[in-house]
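Examination of the molecular architecture
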Amino acid sequence: MGLSTHVLDTMHGCPAAGMRVRLYSTQADQATLLKDLVLNHDGRTDAPLFDNASLRAGTYRLTFDVAGYFKARGVALPEPNFLNQVSLDFGVAHADQHYHVPLLVSPWSYSTYRGS
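Being a predicted model, the structure only gives us computed values, none of them experimental.

Let's shift gears to unusual backbone geometry. Cis geometry is found at the peptide bond from Glu 79 to Pro 80, where omega equals -5°. Backbone geometry at Ala 28 places phi at a positive 55°, although glycine is not the residue there. Take Ala 28: it is sitting in the loop between strand S3 (20-27) and strand S4 (30-38). On the accessibility criterion, Ala 28 (80% relative accessible area) is exposed.

What follows is the structure in structure tokens.
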């Protein structure tokens with residue numbers, strides 16, 4: 001079923017449209033950039049990060065530009081800001097299953113889970 005993400009801005013109660021997201025494959029201390037994109041009006045990517053055929057078992061990292069997003073929204077953040085980049089390291093054990101990695105975020109907190 002592939003790999004997808006979705007970001008919700010819990011400060012404003014809306015999707016995090018315009019947030020920059022990077023996807024990396026990881027192995028030990030090495031990270032290889034696979035995709036660099038901006039979320040659409042719904043806080044999602046326009047297409048899956050990986051479709052059914054291209055997702056492979058392994059370890060990955062999603063990096064979300066939280067500070068850049070909130071600064072662009074006009075939120076006055078302290079320097080240094082509490083959250084800058086939020087990086088989520090996760091593993092894909094079963095490439096035949098769907099992995100959805102949502103992020104709920106404000107300038108001061110975040111949470112995630114494996115969604116459906």
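Next comes the rest of the account.
By secondary structure assignment, the location of Ser 106 is in the loop between strand S7 (98-105) and strand S8 (110-112). In terms of polar contacts, Ser 106 uses its side chain to reach the backbone amide nitrogen of Trp 108, at 3.0 Å. With near-sequence residues (within four places) excluded, Ser 106 lies in contact with Thr 10, Met 11, Val 66, Phe 70 and Leu 83.

On to the sheet that holds strand S2 (residues 14-15). If you trace the 4 strands from one edge of the open sheet to the other, you get S2-S1-S7-S8, paired in mixed fashion. With partners counted over all chains shown, the strands left at the sheet margins are S2 and S8, one partner each. Taken together, the 8 bridges between strand S1 (residues 2-9) and S7 define a ladder with parallel strand orientation. Each residue of the ladder has a partner; that of Ser 4, found in S7, is His 100.

Across the sheet, which stays open at both edges, the 4 strands sit in the order S4-S3-S5-S6 with antiparallel pairing between neighbours. For this open sheet the edge positions go to S4 and strand S6 (85-92), each flanked by a neighbour on one side alone. Across the sheet, the mean angle separating the axes of adjacent strands is 20° when strand polarity is ignored.

On to the pairing of S1. In terms of residue burial, S1 counts as a mostly covered element, since 7 of its 8 residues are buried. The pairing of S1 with S2 spans 2 bridges and is antiparallel. By the bridge assignment for S2, Asp 9 is matched with Cys 14. The antiparallel hairpin formed by S1 and S2 contains 4 residues in its connecting segment, where Gly 13 sits at a positive phi of about 70°.

This part covers the pattern of salt bridges. Counted by the stated rule, this structure contains 6 salt bridges. In this structure, Arg 73 and Asp 9 form a salt bridge, with 3.4 Å as the shortest nitrogen-oxygen distance. With Arg 73 in the loop between helix H1 (66-72) and S6 and Asp 9 in strand S1, this pair connects stretches of sequence that are 64 residues apart. Look at Asp 9 and you get buried, because its relative accessible area is 1%. Across the salt bridge formed by Asp 36 and Arg 20, the nearest N and O atoms sit 2.4 Å from each other. Of this pair, Asp 36 sits in strand S4 while Arg 20 is found in strand S3, placing the two residues 16 residues apart along the sequence. Asp 36 gets classed as partly exposed once you look at its relative accessible area, which sits at 38%. The network of salt bridges with common partners includes Arg 20, Arg 22 and Asp 36.

Cut-offs and rules
Residues numbered from 1 in each chain as written. Predicted model: local features only at pLDDT ≥ 70, side-chain atom pairs only at ≥ 80, totals over all residues. Heavy atoms only, no water. Helix = DSSP H or I, 4+ residues; strand = E, 2+ residues; numbered from the N terminus. Buried < 20%, exposed > 50% of the residue type's maximum accessible area, 1.4 Å probe, protein only. Polar contact = N/O pair within 3.5 Å; in protein donor to acceptor, adjacent residues only side chain to side chain. Contact = heavy atoms within 4.5 Å. Pairing = 2+ DSSP bridges. Axes fitted to C-alpha atoms, helices over the stretch in contact; angles between N-to-C directions. Salt bridge = Lys/Arg side-chain N within 4 Å of Asp/Glu carboxyl O.

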